[in-house]
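Fold and contact review
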Amino acid sequence: MEKQYSFEDFVKIIERLRAKDGCPWDREQTHDSLRPCMMEEAAEFVSSIRIYHESGSAENMREELGDILLQVVMHSVIAQEEGLFTMDDVIEEVSEKMIRRHPHIFGTVQVDSSAEVLQNWDEIKKKEKEGKSWIESPLREIPKELPSLTRGSKVLKKIDKLYKAAPDRAENAEKLLETVKELAACDEKTEKAKVETLLGDALLGLCEIARREKIPAEQVLMDRIEELIEANERR
């Protein structure tokens with residue numbers, strides 16, 4: 001009978017790879033060097049969901065979740081070596097967070113809808129962030145590392161929530177149309193900096209539409225690119 005590995009076994013495997021007589025590549029890795037790996041593995045897992053819907057096979061999804069778990073454990077083992085925290089600390093903190101952010105399940109709070117759940121979640125999250133030294137400002141709390149269309153929608157949403165300064169639907173549509181017209185009027189003599197500014201304004205305008213309609217702009221663009229590829233490959 002094949003051995004059934006546990007989570008604890010997996011952590012020990014990573015610790016063995018990181019040991020003095022372990023794998024040279026694994027020993028060289030740091031939080032910084034692994035950043036591209038985490039981003040790539042997350043994207044590959046999202047891709048595996050599409051593959052599952054297209055093929056009916058969950059094999060790739062299972063594999064990619066394992067790769068994400070590898071990244072989580074690797075970072076935790078490195079952090080333990082650095083005296084920062086352990087895998088147990090990570091599990092403890094996320095468990096406490098889930099209990100804290102679901103008072104309607106683990107407490108006495110009553111909710112009637114998902115909207116109320118999200119409202120409570122946001123309020124609890126806001127309290128958790130108070131006094132955190134690494135948060136420069138509410139807007140800069142949104143990670144730079146997010147895909148730009150996603151970050152744009154999140155920034156605009158928070159601007160609207162905090163400062164009531166996001167353009168309304170009509171204002172945004174009018175500005176977007178004006179920007180597109182200016183872009184259409186550009187030619188080879190137009191300064192590149194001007195084209196970049198107009199393009200940025202247009203993309204932000206599209207982000208504003210996406211966030212108001214609660215549409216994931218990054219996913220929409222990804223799907224349209226895929227449709228474009230398929231259309232051209234059928235030619």
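Look up a bit, the structure's there.
How each quantity is defined
Residues numbered from 1 in each chain as written. Predicted model: local features only at pLDDT ≥ 70, side-chain atom pairs only at ≥ 80, totals over all residues. Heavy atoms only, no water. Disulfide = S-S within 2.5 Å. Buried < 20%, exposed > 50% of the residue type's maximum accessible area, 1.4 Å probe, protein only. 1 Å grid on protein atoms, 1.4 Å probe; cavity = no way out; pocket = protein on both sides within 12 Å on 5 of 7 lines; lining within 4 Å. Points joined across faces, edges and corners; volume = space filled by probe spheres on them. Helix = DSSP H or I, 4+ residues; strand = E, 2+ residues; numbered from the N terminus. Nonpolar A, V, L, I, M, F, W, Y, C, P; charged D, E, K, R; others polar. Salt bridge = Lys/Arg side-chain N within 4 Å of Asp/Glu carboxyl O. Core = buried A, V, L, I, M, F, W, Y, C linked by side-chain atoms within 4.5 Å. Contact = heavy atoms within 4.5 Å. Expected span 1.5 Å × (residues − 1).

Once that is clear, we can look at the state of the cysteines. Per the stated rule, a full pass over the model turns up zero disulfides. Of all cysteine sulfurs in the structure, the one in C186 sits closest to C207, which takes part in no disulfide; the separation is 20 Å. The exposure class of C207 is buried, given its relative accessible area of 3%.

Turning our attention to empty space enclosed by the protein. It is the rolling of a water-molecule-sized probe over the atoms that shows where space remains empty. For the coordinates displayed, the defined rule picks out one cavity of 30 Å³ or more. Size it by volume and the largest cavity reaches roughly 30 Å³. What lines the largest cavity is V11, E15, V73, S76, V77, Q80 and M87. If one sorts the elements of the lining of the largest cavity by residue count, helix α4 (residues 59-81) sits on top with four residues. Classifying every residue of the lining of the largest cavity by side-chain character gives four nonpolar, two polar and one charged.

Let us now look at the pattern of salt bridges. Applying the stated rule across the entire model yields 13 salt bridges. The partner of R211 in a salt bridge is D160, with the nearest N and O atoms 2.7 Å apart. Linking R211 in helix α10 (residues 192-212) with D160 in helix α8 (residues 148-163), this pair joins segments that are 51 residues apart in sequence. Where E213 meets R169, a salt bridge forms, and the shortest distance between an N and an O atom there is 2.6 Å. Taken together, the residues span a long stretch of sequence, with E213 in the loop between α10 and α11 (217-233) and R169 in helix α9 (residues 169-185) at a distance of 44 residues.

For the rest of this paragraph, the subject is the nonpolar core. In this structure, V11, I14, L34, C37, V73, M74, V77, I78 and M87 together form the largest nonpolar core, which totals nine residues. Those elements that provide at least two residues to this core are α1 (7-18) and α4. Considering each element in turn, this core owes the most residues, four residues, to α4. V73 has contacts with F7, F10, V11, I14 and M87, leaving out every residue within four places of it along the chain. Ranked by size, the runner-up nonpolar core spans five residues in total, among them L149, L156, C207 and A217.

Below, the discussion takes up α4. The end-to-end C-alpha separation of α4 is 33 Å, in line with the 33 Å expected for 23 residues at 1.5 Å each. Listed as buried for α4 are M61, E64, Q71, V73, M74, H75, S76, V77, I78 and A79. Contacts from the buried residues of α4 go to α1, α2 (24-28), α3 (35-55) and α5 (87-100). Immediately beyond the C-terminal end of α4, within one or two residues, lies G83, with a positive phi of roughly 75°.

Put simply, the largest pocket is a space of about 1500 Å³. As for the largest pocket, its lining consists of 37 residues, of which D122, K154, K157, K158 and K161 are closest to the centre. Considering each element in turn, the lining of the largest pocket owes the most residues, 10 residues, to helix α7 (residues 114-129). Considering only residue class, the lining of the largest pocket consists of 14 nonpolar, five polar and 18 charged. Put simply, the second largest pocket is a space of about 630 Å³. Along its surface, the second largest pocket is lined by 21 residues, and A42, A43, V46, Q219 and M222 are the ones closest to its centre. Elements with a minimum of two residues in the lining of the second largest pocket: α3 and α11. The biggest single contributor to the lining of the second largest pocket is α3, with 10 residues. Classifying every residue of the lining of the second largest pocket by side-chain character gives nine nonpolar, four polar and eight charged.

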